[in-house]
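Descriptive analysis of the structure
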Amino acid sequence: RKEVEQDPGPFNVPEGATVAFNCTYSNSASQSFFWYRQDCRKEPKLLMSVYSSGNEDGRFTAQLNRASQYISLLIRDSKLSDSATYLCVVSHWSLNAGGTSYGKLTFGQGTILTVHP
Amino acid sequence: DGGITQSPKYLFRKEGQNVTLSCEQNLNHDAMYWYRQDPGQGLRLIYYSQIVNDFQKGDIAEGYSVSREKKESFPLTVTSAQKNPTAFYLCASGPRYGGPTDTQYFGPGTRLTVL
């Protein structure tokens, strides 16, 4: 089982639609959760962190369910410019070979969204 | 402008050659990371460094080497021992020593193709 799993899509939606992405993670010790956005052939960019109480940033709403180890991202009133790949990212402490700890990000494979006119 | 730069943007390598990918940041970040991305897969960690003169292997370090002589710079060498080096390479940095609550910021990437 992958550490972070997302529905790869693709999701094809018309402008103005509401679309939801789901993500599950396997490491119950995970501490932080993020959604990144990646445009075609570009680098990932942080879209938003995900907090336990859920959080909203404009048209974007993120939810976290620690008990179910589930994260979601809701996009309302989709725009053409929302077309991208959305990466679910989970972070936890990990030990390196030398015995010191660091925060390790684990990425899902991404969900592709295409918004059409 | 503060940010992370990577060069070159595209790189072509012949089999058997070593190549070095550059990563520079002027964000005053302590932690720096190298990832590779293959089509349809999530990013995978190659190496990371939490402070100058120290670096650690990630999940897929075989066939790669790094150095961290300056805070701003974290070059990655793809050696001939890396069996399948064609990929998109992303450098990232983070504001602290790299705890799990710290976000990472990515450079624009280098696309490496082996001919």
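Positions within a chain are numbered from 1, following the residues in the order the chain's sequence is written. Key to labels: chains lettered from A, ligands numbered from 1, both in the order written. Predicted model: local features are reported for residues with pLDDT of at least 70 only, side-chain atom pairs are reported and counted for 80 or more only, and whole-chain, interface and lining totals are derived from all residues. Side-chain numbers here rest on the full set of heavy atoms in the structure, without hydrogens or water.

1. Structural notes on the overall build of chain A
For the purposes of this entry, the term helix denotes a DSSP run of H or I that reaches at least four residues, the term strand denotes a run of E that reaches at least two, and both are numbered from the N terminus. Within chain A, the regular secondary structure consists of 0 helices and 11 strands. Along chain A, helices (α) and strands (β) appear in the sequence β-β-β-β-β-β-β-β-β-β-β when read from the amino end. The C-alpha atoms of chain A give 15 Å as radius of gyration, which agrees with the globular expectation for 117 residues (13 Å, within 12%). Counting only C-alpha atoms, chain A reaches 55 × 30 × 25 Å along its principal axes. Summarising the internal contacts of chain A: among those between residues at least 6 apart in sequence, 58% fall at separations of at least 24. When the accessible surface of chain A is totalled, it reaches about 5,600 Å², and 50% of it is carbon and sulfur. Of the charged side chains in chain A, 11 are positive and 10 negative, and the gap between their average positions amounts to 4 Å. Atoms counted for the radius of gyration: C-alpha only. Globule rule: 2.2 Å times residue count to the power 0.38. The contact criterion used throughout is that any non-hydrogen atoms of two residues lie within 4.5 Å. The protein chains shown are the only cover counted for residues, whose accessible areas, like all others here, come from Shrake-Rupley with a 1.4 Å probe. Charged-residue counts in this description rest on Lys and Arg as positive and Asp and Glu as negative, His and the chain ends being excluded. The atoms used to mark charge sites are NZ of Lys, CZ of Arg, CG of Asp and CD of Glu.

2. Considering the nonpolar core
Nonpolar side chains in soluble globular proteins tend to end up buried together. Here, nonpolar core means buried Ala, Val, Leu, Ile, Met, Phe, Trp, Tyr and Cys residues that are tied together by side-chain atoms lying within 4.5 Å of each other. The buried label goes to any residue with under 20% of its type's maximum accessible area, the exposed label to any with over 50%, and the partly exposed label to all in between, with areas taken from a 1.4 Å probe on protein chains only. Residues A:Phe21, A:Trp35, A:Ile71, A:Leu73, A:Ile75, A:Tyr86 and A:Leu113 are the most contacted members of the largest nonpolar core, which totals 23 residues. Among the secondary structure elements, those contributing two or more residues to this core are β3 (19–25), β4 (32–38), β5 (44–50), β7 (60–65), β8 (70–75), β9 (84–95) and β11 (111–116) of chain A. With sequence-adjacent residues up to four places away left out, A:Ile75 is seen in contact with A:Ala17, A:Thr18, A:Val19, A:Phe21, A:Arg59, A:Phe60, A:Asp82, A:Tyr86 and A:Leu113. B:Val19, B:Leu21, B:Ile46 and B:Ala61 belong to the second-largest nonpolar core, a separate cluster that totals 20 residues.

3. Things to note about the sheet that holds strand β3 (residues 19–25) of chain B
All names here are of chain B. One bridge is not enough; two strands pair if DSSP finds at least two bridges between them. Taken together, 4 strands build an open sheet; the order of strands is β1-β3-β8-β7 and the sheet is antiparallel. The sheet is open, and its two borders are formed by β1 (4–7) and β7 (64–66), each paired with just one other strand. When the angles between neighbouring strand axes are averaged without regard to direction, this sheet yields 20°. For β3 and strand β8 (residues 76–78), the ladder comprises 3 bridges, and the chain directions are antiparallel. Its bridge partner lying in β8, Leu-21 is registered against Leu-76. Orientation is described by axes fitted as lines to C-alpha atoms, over the contacting stretch for helices, and by angles from 0 to 180 degrees between their N-to-C directions.

4. Points about the interface of chain B and chain A
If you look at the interface, chain B gives 26 residues, while chain A gives 26 residues. Salt bridges are counted wherever a side-chain nitrogen of Lys or Arg sits within 4 Å of a carboxyl oxygen of Asp or Glu. Across the chain B-chain A interface, the total number found is 1 salt bridge. B:Asp59 is paired through a salt bridge with A:Lys104; the nearest N and O atoms lie 2.7 Å apart. Residues adjacent in sequence count toward polar contacts only when both atoms are side-chain atoms; beyond that, a polar contact is any pair of N or O atoms within 3.5 Å, and within protein one must be able to donate a hydrogen and the other to accept it. Viewed at the interface, chain A and chain B are joined by 3 residue pairs in polar contact (both at pLDDT 80 or more). Counting only elements with at least two residues in the side of chain B that touches chain A, the list comes to β4 (31–37), β5 (44–51) and β9 (87–94) of chain B. Broken down by element, the side of chain B that touches chain A gets its largest block of residues, 3 residues, from β5(B).

5. With respect to the layout of surface pockets
Picture a little ball the size of a water molecule; that probe, rolled over the atoms, points out where space is still empty. In the cavity and pocket records, a cavity denotes points on a 1 Å grid over the protein atoms alone where a 1.4 Å probe fits but cannot get out, a pocket denotes an open set with protein on both sides within 12 Å along at least 5 of 7 lines, and lining residues are residues with an atom within 4 Å of a point. Grid points are joined across faces, edges and corners, and a volume is the space filled by probe spheres set on the points. Size it by volume and the largest pocket reaches roughly 530 Å³. Residue assignment for the lining of the largest pocket shows that the elements contributing at least two residues are β9 of chain A together with β9 and β11 (110–114) of chain B. In terms of residues, the lining of the largest pocket owes the most to one element, β11(B), which gives 3 residues. Quantified by volume, the second largest pocket comes out at close to 310 Å³. What lines the second largest pocket is a set of 17 residues, and nearest its centre among them are A:Thr106, A:Phe107, B:Gly42, B:Leu43 and B:Arg44. Broken down by secondary-structure element, the contributors of at least two residues to the lining of the second largest pocket are β10 (101–107) of chain A together with β5 of chain B.

6. Describing a nonpolar patch on the surface
Together, B:Tyr10, B:Phe12 and B:Leu115 give the surface a local cluster of nonpolar side chains, amounting to about 370 Å² of exposed area. Along the polypeptide, B:Leu115 turns up in the segment after β11. The residues that make up patches have over 30% relative accessible area and no salt bridge, and they are joined within 9 Å when like-charged or within 5 Å when they are Val, Leu, Ile, Met, Phe, Trp or Tyr.

7. Observations concerning the sheet that holds strand β6 (residues 55–57) of chain A
Residues and elements named next belong to chain A. Judged by pairing direction, the sheet is antiparallel, and its 5 strands sit side by side in the order β1-β3-β8-β7-β6 without closing on themselves. Strand pairing shows two members of the sheet lacking a second neighbour, β1 (4–6) and β6, which therefore form its edges. In this sheet, adjacent strand axes meet at a mean angle of 20° when their direction is disregarded. Judged from the 6 bridges that link them, β7 and β8 form a sheet pairing that is antiparallel. Residue pairing for β8: Leu-64 is matched across the bridge by Ile-71.

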